[in-house]
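Analysis of the macromolecular model
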Amino acid sequence: MKKMILNIMATTGITLVVLALVATCYGGTVIFISAIFQALVLNIIIYAGIFLLNHFEYRYPVVETGLKLVYVLAVVLACGWLCGWYGNMSVVVLGGMTIVIFGVCVCLDTLSLIDEVKMINGLIENKR
């Protein structure tokens with residue numbers, strides 16, 4: 001649970017940085033406080049769904065990652081419609097931002113997993 005909260009907060013931070021970069025490219029100067037809370041709630045919903053998706057057994061890792069990406073895109077695009085984000089950005093830009101953020105998070109997850117494997121291997125070596 002602690003790791004999930006940390007991941008939600010990290011993803012929200014990454015989301016806000018990417019949002020600020022995209023807004024800067026479009027000449028934006030302000031991110032409203034409501035957008036910050038919307039991003040936080042969105043990331044909570046995403047991680048709750050990913051938590052449920054992790055309970056299923058997948059034969060191929062590519063299918064698992066693809067299914068998670070489709071889920072994330074669907075939730076983000078639905079939230080975009082519900083929160084009225086399309087008045088400020090297009091579906092293509094929102095989808096692109098989602099893919100970039102998802103890619104960054106997958107890379108960070110992979111790096112974290114590599115560190116955990118190294119730690120476990122070190123513990124195994126010490127036991128011998």
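For the structure itself, look to the data block above.
A short tour of the structure in this document, coming up.

**Some details on the pattern of salt bridges**
Taken as a whole and assessed by the stated rule, the structure comprises 2 salt bridges. In this structure, Lys 3 and Glu 116 form a salt bridge, with 3.1 Å as the shortest nitrogen-oxygen distance. Separated by 113 residues along the polypeptide, Lys 3 in helix H1 (residues 2–25) and Glu 116 in helix H4 (residues 91–127) bring together distant segments of the chain. For Lys 3, a relative accessible area of 44% corresponds to the partly exposed category. Across the pair Lys 68 and Glu 64 runs a salt bridge, and its minimum N-O distance is 3.1 Å. Remark: Glu 64 and Lys 68 occur in helix H3 (residues 61–83); sequence separation between them is 4 residues, near one turn of the helix. For Lys 68, a relative accessible area of 14% gives the class buried.

**Details of H1**
With 24 residues, H1 should cover 34 Å at 1.5 Å per step; its first-to-last C-alpha distance of 35 Å lies within 8% of that length. Within the span of H1, buried status applies to Ile 8, Thr 11, Thr 12, Ile 14, Thr 15, Val 18, Leu 19 and Val 22. Downstream of H1 by one or two residues, Gly 27 has phi in the positive range, about 85 degrees.

**As for the layout of surface pockets**
Here the largest pocket defines a volume of roughly 1400 Å³. Where the lining of the largest pocket is concerned, the elements lending two or more residues are H1, helix H2 (33–53), H3 and H4. Here the residues of the lining of the largest pocket are counted per class, giving 30 nonpolar, 14 polar and 4 charged.

**Topic: the side chain of Thr 12**
Position of Thr 12 among the secondary structure elements: in helix H1. A polar contact is formed between the side chain of Thr 12 and the side chain of Asn 43, at a distance of 3.1 Å. Those residues in contact with Thr 12, other than ones at most four positions away along the chain, are Ala 39, Leu 40 and Asn 43.

**With respect to the environment of Pro 61**
With respect to the helices and strands, Pro 61 occurs in helix H3. C-alpha of Pro 61 to C-alpha of Phe 37: the two residues are 24 residues apart in sequence and 32 Å apart in space.

**Things to note about the packing of H3 against H4**
H4 packs onto H3 with a crossing angle of 140 degrees between their chain directions and a minimal axis gap of 10 Å. Between H3 and H4, the crossing angle belongs to the class labelled oblique. Between H3 and H4 lies a crossing of right-handed hand. Residues Thr 65, Lys 68, Leu 69, Val 72, Leu 73, Val 76, Leu 77 and Gly 80 of H3 lie in contact with H4, whose contacting residues are Val 91, Leu 94, Gly 95, Thr 98, Ile 99 and Phe 102. Tallied by class, residues from the contact of H3 with H4 come to 9 nonpolar, 4 polar and 1 charged.

**Remarks on H3**
Working note: α-helix, 3.6 residues per turn, so residues spaced by three or four point in the same direction. The terminal C-alpha atoms of H3, which comprises 23 residues, lie 32 Å apart, in line with the 33 Å expected from a rise of 1.5 Å per residue. By the burial criterion, the buried members of H3 are Lys 68, Val 72, Val 75, Val 76, Cys 79 and Gly 80. Immediately downstream of H3, the backbone of Gly 84 shows phi near 75 degrees, a positive value.

Basis of the calculations
Residues numbered from 1 in each chain as written. Predicted model: local features only at pLDDT ≥ 70, side-chain atom pairs only at ≥ 80, totals over all residues. Heavy atoms only, no water. Salt bridge = Lys/Arg side-chain N within 4 Å of Asp/Glu carboxyl O. Helix = DSSP H or I, 4+ residues; strand = E, 2+ residues; numbered from the N terminus. Buried < 20%, exposed > 50% of the residue type's maximum accessible area, 1.4 Å probe, protein only. Expected span 1.5 Å × (residues − 1). 1 Å grid on protein atoms, 1.4 Å probe; cavity = no way out; pocket = protein on both sides within 12 Å on 5 of 7 lines; lining within 4 Å. Points joined across faces, edges and corners; volume = space filled by probe spheres on them. Nonpolar A, V, L, I, M, F, W, Y, C, P; charged D, E, K, R; others polar. Polar contact = N/O pair within 3.5 Å; in protein donor to acceptor, adjacent residues only side chain to side chain. Contact = heavy atoms within 4.5 Å. Axes fitted to C-alpha atoms, helices over the stretch in contact; angles between N-to-C directions. Parallel < 35°, antiparallel > 145°, perpendicular 65-115°, else oblique. Left-handed = near helix turned anticlockwise from the far one by under 90°.

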